[in-house]
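Structure at a glance
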Amino acid sequence: MRIIAGKHRGRILTQFQGQEIRPTPDRVKESLFQILELRLRGARVLDLFCGSGALGLECISRGAKEVVFNDRSRESLAVLKKNLSVLGESGKIYNLDYKACLDSVSGTFDLIFADPPYNDTLCAEILSYVKARKLLGKQGLVVYESEREETAPEGFTLADKRSYGRTKILFFKETEQ
């Protein structure tokens, strides 16, 4: 795993040992950030299931103003902290389940990454929490990674969808009212 572009381009990130963690592959990450490139400078980002922090760190490298990292795994957060240290960067870090994190954060976000374990079906629930707490900025997106097709729940529109093998990246925006 590496940082693809920006001020930390090419830097290698510490990754997890074993097969339990499923980091976003570099080719998927590269395509994802080509889509998001114009949204990153000065953005406020929430990486809800951050793992090693690769997505949030890529945002920092590309000019995000603030990244809030969350993961319920202490092992994941140890890897994240090591990666932040190696890059000389910082971010607000929560060690909570996703519901508690969404209840704890304040303000709005330009991007919210939601990459839960593939066997969890949390898309509608996460989007419902985001809407209820008014966490998404006016032009904001929730970027949801999954193995399965997901439909936009009430109050959201599926703005874009990309498939990379079995990985699906879904871009949700709030429905304008």
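In this report, we go over the structure that sits alongside the text. (Residues numbered from 1 in each chain as written. Predicted model: local features only at pLDDT ≥ 70, side-chain atom pairs only at ≥ 80, totals over all residues. Heavy atoms only, no water.)

1. As for unusual backbone geometry
Put simply, the rule is: A simple rule labels every residue: compare its accessible area, found with a 1.4 Å probe on the protein chains alone, to the largest value its type can have, and call it buried under 20%, exposed over 50%, or partly exposed in between.
Look at lysine 134: it is not a glycine, yet its phi comes out positive at around 55°. For lysine 134, a relative accessible area of 63% puts it in the exposed group.

2. A closer look at the side chain of glutamate 58
The cut-off we apply is this: Helix and strand definitions follow DSSP, with helices as H or I runs of at least four residues and strands as E runs of at least two, each counted in order from the N terminus. Residue contacts are defined here by distance: any two heavy atoms, one from each residue, within 4.5 Å place the two residues in contact.
Locating glutamate 58 in the fold gives a position in helix α2 (residues 54–61). Look at glutamate 58 and you get buried, because its relative accessible area is 0%. Each residue touching glutamate 58, except ones within four places of it in the same chain, is listed here: Arg2, Ile3, Ile4, Ala5, Lys29 and Phe33.

3. As for the environment of arginine 9
Mapped onto the fold, arginine 9 is located in the segment before α1 (26–40). Separated by 92 residues in sequence, arginine 9 and cysteine 101 place their C-alpha atoms 29 Å apart. Residues in contact with arginine 9, not counting those within four places in the same chain, are Ile3, Ile4 and Ser61.

4. Comments concerning the sheet that holds strand β3 (residues 92–94)
Filter applied, for reference: By this definition, two strands are paired if DSSP reports at least two bridges between them. For every element, the axis is a line fit to its C-alpha atoms; helices are fit only across the contacting stretch, and the angle between N-to-C directions ranges from 0 to 180 degrees.
What the seven strands build is an open sheet, ordered β3-β2-β1-β4-β5-β7-β6; its pairing is mixed. In this open sheet, the two edge strands, each paired with only one partner strand, are β3 and β6 (156–164). Geometrically, the sheet is characterised by an average inter-axis angle of 15° between neighbouring strands, direction not taken into account. Here five bridges tie strand β4 (residues 109–114) to strand β5 (residues 136–146), and the two strands are oriented parallel to one another.

5. Observations regarding empty space enclosed by the protein
Operational definition: Here the term cavity refers to a set of points on a 1 Å grid, laid over the protein atoms alone, in which a 1.4 Å probe fits but cannot get out; the term pocket refers to an open set having protein on both sides within 12 Å along at least five of seven lines, with lining residues being those that place an atom within 4 Å of a point. Grid points are joined across faces, edges and corners, and a volume is the space filled by probe spheres set on the points. Gly is put with the polar residues, along with every residue not named as nonpolar or charged; the nonpolar set is Ala, Val, Leu, Ile, Met, Phe, Trp, Tyr, Cys and Pro, and the charged set is Asp, Glu, Lys and Arg.
Summed over the entire model, instances satisfying the criterion amount to one cavity of 30 Å³ or more. Volume-wise, the largest cavity comes out at about 40 Å³. Lining the largest cavity, in full, are Leu32, Leu55, Phe113, Ala114, Asp115, Val143, Glu145 and Ile169. For the lining of the largest cavity, the elements supplying multiple residues, two or more each, are β4 and β5. Of the residues that constitute the lining of the largest cavity, the class distribution is six nonpolar, no polar and two charged.

6. Regarding the nonpolar core
Quick note on the threshold: For this analysis, a nonpolar core means a set of buried residues of the types Ala, Val, Leu, Ile, Met, Phe, Trp, Tyr and Cys, connected via side-chain atoms within 4.5 Å.
Among the nonpolar cores identified, the biggest contains 30 residues, and Leu32 and Phe113 are the most heavily contacted of them. Taken together, the elements giving at least two residues each to this core come down to α1, α2, β2 (66–70), α3 (74–87), β4, β5 and β7 (167–174). Residue contacts for phenylalanine 113: discarding those within four places in its chain leaves Leu32, Phe33, Leu36, Val45, Leu46, Asp47, Leu48, Phe49, Leu55, Cys59 and Val143. Counting 24 residues, the second-largest nonpolar core is a separate cluster that includes Leu46, Ala114, Leu122 and Phe172.

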